[in-house]
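Breakdown of the fold
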Amino acid sequence: MDTCNQLILLLGIRYSRKHPNPQFPYGYGNMRYVTSLISGCGILGFGCGLSIYHGISGILNPAALEPLTYAYYALFMSLCFQGASALTAYREVRHKATKAGVPNIWDYVRTAADPSLNVVLLEDTAAVSGVLIALGSVTLSSYLDSPIPDACGSVLIGCLLGTVASFIIRSNAQHLVGRSLPQRITDDIVARLNNDPAIRSVHDVKATALGVEQSRFKAELDFNGRMITRRYIEAEADIGAMYKEVKSMESEHELQEWMEQHGEKIIDRLGVEIDRIEGEITKKHPDIRHVDLEAL
């Protein structure tokens, strides 16, 4: 089951790297959350369900103990393999958490920033803990010459796997529904927008994750029309020539044409300002791949 889970997660990683297309304009980033959710359901159904089932069966219908030599071999081998995998996953999670500026590894795992890696870490940690529980219960059964401790250990392992699976399912389901970005990121972007001279106010802010290292930021902005016009004049217009054009006008029709001409250029300037703001956001936060700014 563990091997099947890893293959499912690998499939999700490969799909998530596919480029966007007309059918999926935001790409396939959420496939990691989908496959992690499937993996969590597998752990809950097979790992938790079968362990508790066998444990309860052993308690209700105890059987005579058989030689436990091969059980110890299997458990020690499992401890070596799962321990090495868990240690590798822990180092990678710690590295990514440090890179993301999250000092607490648990906070990084809780946000499901990289669901595939987090599932491997949680799954292997639960497996190592389960092996230790199994070693203790098997040893106790051998010492007491009773199958009951072994059966109780199976129930404990099932409960452990159920807890881990529930966390994996819950965290990945939240991302698939559309979980918001950490509040510190949203607050930083909103503060930058409010401090921009071209913006009066910011409304209806939404920042959601689209996958691993892929996010979307959306906001409605009340632009400062005077500042936009001033920047248009400074960058593209000659105020002296414009004044002469206005003075030489002899009809309302000429004034209307003049205003339409420069009004269109001011709108173009607004587009330039939006591109500048979007560029500043993506430069500061590279994970935000899509920025949608709407003018009020």
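Cut-off values and rules
- Residues numbered from 1 in each chain as written.
- Predicted model: local features only at pLDDT ≥ 70, side-chain atom pairs only at ≥ 80, totals over all residues.
- Heavy atoms only, no water.
- UniProt positions renumbered as here; feature names shortened; annotations may be inferred.
- Pairing = 2+ DSSP bridges.
- Helix = DSSP H or I, 4+ residues; strand = E, 2+ residues; numbered from the N terminus.
- Axes fitted to C-alpha atoms, helices over the stretch in contact; angles between N-to-C directions.
- Expected span 1.5 Å × (residues − 1).
- Bend = angle between axes of the 7 residues up to and from the residue.
- Core = buried A, V, L, I, M, F, W, Y, C linked by side-chain atoms within 4.5 Å.
- Buried < 20%, exposed > 50% of the residue type's maximum accessible area, 1.4 Å probe, protein only.
- Contact = heavy atoms within 4.5 Å.

With an unreviewed UniProt entry as reference, the protein is termed Cation efflux protein transmembrane domain-containing protein, source organism Mesorhabditis spiculigera. If you open the UniProt record of the protein and go to Sequence similarities (unreviewed entry), you find "Belongs to the cation diffusion facilitator (CDF) transporter (TC 2.A.4) family. SLC30A subfamily."

Here's the deal with the sheet that holds strand β3 (residues 288-295)
Spatial strand order, β1-β2-β3: 3 strands in an open sheet with mixed pairing. Edge strands, defined here as strands with exactly one partner in the open sheet, are β1 (199-211) and β3. Ignoring which end each strand starts from, the neighbouring axes of this sheet average 15° apart. Where β1 lies against strand β2 (residues 214-223), 9 bridges are found, and the strand directions are antiparallel. Directly across from Ser201, in β2, lies its bridge partner Asp222.

Observations concerning helix α2 (residues 31-60)
The terminal C-alpha atoms of α2, which comprises 30 residues, lie 42 Å apart, in line with the 44 Å expected from a rise of 1.5 Å per residue. Of all bends in α2, the biggest is about 25°, found at Gly49.

A few points about the nonpolar core
Looking at soluble globular proteins, one finds that nonpolar side chains tend to be buried together. The biggest cluster of nonpolar side chains holds 27 residues, and the ones touching the most others in it are Leu75, Val93, Val109, Leu122, Leu161 and Ile168. Elements represented by at least two residues in this core include exactly α2, α3 (69-99), α4 (105-110), α5 (115-144) and α6 (148-177). Among the elements that line this core, the one with the most residues is α5, at 10 residues. Here Val109 is in contact with Val93, Asn118, Leu121, Leu122 and Phe167, once residues within four sequence places are set aside. Grouped together as the second largest cluster of nonpolar side chains are 22 residues, Ile185, Ala198, Phe217 and Ile288 included.

Structural notes on the UniProt feature "transmembrane region" (unreviewed entry) in the protein
Under the UniProt annotation, the feature "transmembrane region" (unreviewed entry) is placed at residues 33-56 and 68-90. Helix makes up 100% of residues 33-56 and strand 0%, whereas the separation of the span's terminal C-alpha atoms amounts to 33 Å. Its end C-alpha atoms 32 Å apart, residues 68-90 is made of 96% helix and 0% strand.

Here's the deal with the pairing of β2
With respect to burial, β2 is a largely interior element, 7 of its 10 residues being buried. Across 7 bridges, the pairing between β2 and β3 is parallel. Paired with Ser215 across the bridge in β3 is Ile288.

Thoughts on the environment of Phe217
Here Phe217 is to be found in strand β2. As for Phe217 and Asp292, which are separated by 75 residues in sequence, their C-alpha atoms are 6.2 Å apart. Sequence-distant contacts of Phe217, that is, excluding residues within four places in its chain, are made with Ile189, Leu193, Val205, Lys206, Ala207, Ile281, Ile288, His290, Val291, Asp292 and Leu293.

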